[in-house]
2 protein chains.
Amino acid sequence: MDNEFIKQEMNVTGEGFLPGLAIDTVIFGFHDDELKVLLLSYKHTDLYALPGGFIHVDEDVNEAARRVLFSRTGLINIFLEQFYVFGDKSRHDATPLKTIMKARGFTPPEDHWLLKRFVSVGYYALVDFTKAIPTPDSISDSCDWFGLDNLPTLMQDHRQIIGKALQTLQANLDHKLIGFNLLSENFTMGDLQRLYETVLNKKLIRAAFQRKMLALGILERLAKKWTGGAHKAPYLYRFVARD
Amino acid sequence: MDNEFIKQEMNVTGEGFLPGLAIDTVIFGFHDDELKVLLLSYKHTDLYALPGGFIHVDEDVNEAARRVLFSRTGLINIFLEQFYVFGDKSRHDATPLKTIMKARGFTPPEDHWLLKRFVSVGYYALVDFTKAIPTPDSISDSCDWFGLDNLPTLMQDHRQIIGKALQTLQANLDHKLIGFNLLSENFTMGDLQRLYETVLNKKLIRAAFQRKMLALGILERLAKKWTGGAHKAPYLYRFVARD
DNA sequence: TATTATTGTATCATTTTGTTACAATAATAA
DNA sequence: TTATTATTGTAACAAAATGATACAATAATA
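Quick caveat, the model's predicted, so the values are computed rather than measured.

J.: Residues and numbers for the overall build of chain A, please.
T.: Looking only at helices and strands, one finds 6 helices and 10 strands in chain A. Along the three orthogonal principal directions, the C-alpha set of chain A runs to about 65 × 35 × 30 Å. Of all intrachain contacts in chain A linking residues separated by at least 6 positions in sequence, the fraction that spans at least 24 positions is 72%. Accessible surface for chain A amounts to roughly 12100 Å². Of this, 50% is attributable to carbon and sulfur atoms. Side-chain charges of chain A comprise 29 positive and 30 negative groups, with the mean position of each set lying 8 Å from the other.

If you want it as structure tokens, here you go:
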């Protein structure tokens, strides 16, 4: 029996947390021309789950989401936004947690706070894949990136949560200019276009894309990048906020 | 002392509701070329509040929002969407509710469930002003429409909630084509343009507006409408979903 | 019957977007 | 050293969308 675990993560009263309310975060990264999300593998089950957590009684909900994001990636000052509240009564499923608890030698009472219905606030984050340091939490074996069309079996409604997060990302990519958050600080126009094409899942016209991005006046052109490829070296760009 | 009130609305345990979670609904209507919201005036205080409520333990959060909307307006099948979760710890203020309770002869204990911190899921609804039947709830004196630039003093962060709802409406008006929900079934092009101008708070070019709306292919042209004005009678239109 | 206000739409100018083309490289092969 | 190749940056033109103006078609009123 893991006393530390039970004390910290599965205390009997749920004291110190807002009851019945949770956070689930879809953390997007971009690598190998693929959009990926960070997933935890739950101990003693074959299920995966989104990084999530609970809200301390003296903590803003948005703060809690930043804390979760930091705990799983080590990152601060990251694009992070609410996108939906998952509040259907049918989404509740205590089985995986019960399994984990029992495997740890703890048989929870039926009315244990963690086994009750939870409403979850969905957040999505856009991070630089190369900067994030995936870190499992105490009830997980691992924390890893998964390509969006290569997702493992997920807990509860976490697959739907990812789906809705992707929809939101697609809808906001352009007019909120949030795509840059998925790239490293310096990037080529090709990098940016491949990102857009991956997220929107459609081909874009190169000349028009470049013209449009440059016309936005939010890109600073830096030195050229010698790629080692048999062709002209592309410029590097950096995102700069307007005014 | 109002026993019914205390039993139904301010029961000591909060039994039957999800704890710490509430719903606030910004119900928009359009009348006299003005965008209006439905507000309740709280008994025994000079404060106004958004229509809101709590979520039954066996009820989806979205269901609860529809129930609130129906209770205050008598309307079903209405455009209603989540737009933000208001979860800052600082938004909590138990004073108005305490005042109401005391005025009713009920002195609540400090740990009464209604006086604790609440996280609120914000919804906005778009309704036909002429169809809604404003109906106060049991802790309110009245339920009335208020013009957006003529709002009374509101409880807690309800003013910010309205502000954020308006931003969401403005951002979604065009690409989600939700404006029609604010008009009655049949309307003239002028009605529609005035609605757009009011929501977006800017003048639109009449010819271009008409051309664009007609090009969308979502308007059915009906008989002309004799307005009694000294000019050509405008057509009436009806919104029809595509495909 | 003329006047007035508004509607519906045509017309042309301007801006934005789609498409094609081509010069400018940076590596590799001949 | 000199082609060859792949990709980049941008020009040039076409097509589509939007802005701006104009005007004929009413429906009431004078």
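J.: Residue-level account of the pattern of salt bridges, with values.
T.: Going through the model one piece at a time under the given rule, you end up with 28 salt bridges over all chains. Between A:Asp60 and B:Lys89 there is a salt bridge, and its shortest N-O distance comes to 3.9 Å. With A:Asp60 in the loop between β4 (52-56) and α2 (61-73) and B:Lys89 in the loop between β5 (79-86) and α3 (95-103), this residue pair bridges two chains. A relative accessible area of 39% means that B:Lys89 is categorised as partly exposed. Among the salt bridges present, the one from B:Asp128 reaches B:Lys131, with a minimum N-O distance of 3.6 Å. Taken together, the shared-partner salt bridges connect A:Asp24, A:Arg91 and A:Asp157 into one network.

J.: Any details on the relation of the copies chain A and chain B? Residues and values, ideally.
T.: Mapping chain A onto chain B calls for a rotation angle of 180° and an axial translation of 0.0 Å; the resulting RMSD is 0.1 Å. Expressed as a symmetry operation, the mapping of one chain copy onto the other fits a two-fold axis. In terms of C-alpha distance to the rotation axis, chain A has A:Pro19 as its closest residue, with the C-alpha 3.3 Å off the axis. A share of 100% of interface residues in chain A that are also interface residues in chain B marks the association as one of identical surfaces.

J.: Mind laying out the layout of surface pockets, listing which residues take part and the relevant values?
T.: Gaps left between atoms show up when a probe the size of a water molecule is rolled over them. In this model, the largest pocket occupies a volume close to 1100 Å³. Taken together, 35 residues make up the lining of the largest pocket; nearest its centre are A:Phe83, A:Thr168, A:Asn172, B:Phe83 and B:Thr168. Counting only elements with at least two residues in the lining of the largest pocket, the list comes to α2, β5 (79-86), β6 (119-126) and α4 (158-172) of chain A together with α2 (61-73), β5, β6 (119-126) and α4 (158-172) of chain B. Here the residues of the lining of the largest pocket sort into 15 nonpolar, 12 polar and 8 charged.

J.: Mind laying out the nonpolar core, listing which residues take part and the relevant values?
T.: Core analysis: the largest hydrophobic core is formed by 48 residues, its most contacted members being A:Leu21, A:Val127, B:Leu21 and B:Val127. Core analysis: the next-biggest nonpolar cluster, separate from the first, contains 37 residues, B:Phe30, B:Leu35, B:Tyr124 and B:Leu192 among them.

J.: Would you mind going over the protein's contact with DNA strand D in detail, with residue names and values included?
T.: The environment of DNA strand D is formed by 23 residues, the closest being A:Arg206, A:Tyr235, B:Arg211, B:His231 and B:Lys232. Counting only atoms of DNA strand D within 4 Å of the protein, the sugar-phosphate share comes to 56%. A:Arg221 places a side-chain nitrogen or oxygen 3.0 Å from a phosphate oxygen of DNA strand D. Between a base nitrogen of DNA strand D and a side-chain N or O atom of B:Arg211, the distance comes to 2.8 Å. Of all elements in the fold, only α6 (206-215) of chain A together with α6 (206-215) of chain B reach the threshold of two or more residues within the surface near DNA strand D. Broken down by element, the surface near DNA strand D gets its largest block of residues, 5 residues, from α6(A).

J.: Can you lay out the sheet that holds strand β8 (residues 186-187) of chain A for me, pointing to particular residues and giving the numbers?
T.: All names here are of chain A. The antiparallel open sheet is built from 3 strands, whose spatial order is β8-β10-β9. Unpaired on one side and paired on the other, β8 and β9 (219-224) mark the two borders of the sheet. Note: β8 against strand β10 (residues 235-239), 2 bridges, orientation antiparallel. From the neighbouring strand, Phe-187 faces β10, where its bridge partner is Tyr-237.

About the thresholds
- Residues numbered from 1 in each chain as written.
- Chains lettered and ligands numbered in written order.
- Predicted model: local features only at pLDDT ≥ 70, side-chain atom pairs only at ≥ 80, totals over all residues.
- Heavy atoms only, no water.
- Helix = DSSP H or I, 4+ residues; strand = E, 2+ residues; numbered from the N terminus.
- Contact = heavy atoms within 4.5 Å.
- Areas by Shrake-Rupley, 256 points an atom, 1.4 Å probe, with all protein chains shown as cover.
- Lys, Arg positive; Asp, Glu negative; His and termini not counted.
- Charge placed at Lys NZ, Arg CZ, Asp CG, Glu CD.
- Salt bridge = Lys/Arg side-chain N within 4 Å of Asp/Glu carboxyl O.
- Buried < 20%, exposed > 50% of the residue type's maximum accessible area, 1.4 Å probe, protein only.
- Least-squares fit on C-alpha atoms with pLDDT ≥ 70 in both.
- 1 Å grid on protein atoms, 1.4 Å probe; cavity = no way out; pocket = protein on both sides within 12 Å on 5 of 7 lines; lining within 4 Å.
- Points joined across faces, edges and corners; volume = space filled by probe spheres on them.
- Nonpolar A, V, L, I, M, F, W, Y, C, P; charged D, E, K, R; others polar.
- Core = buried A, V, L, I, M, F, W, Y, C linked by side-chain atoms within 4.5 Å.
- Near = heavy atom within 4 Å.
- Polar contact = N/O pair within 3.5 Å; in protein donor to acceptor, adjacent residues only side chain to side chain.
- Pairing = 2+ DSSP bridges.

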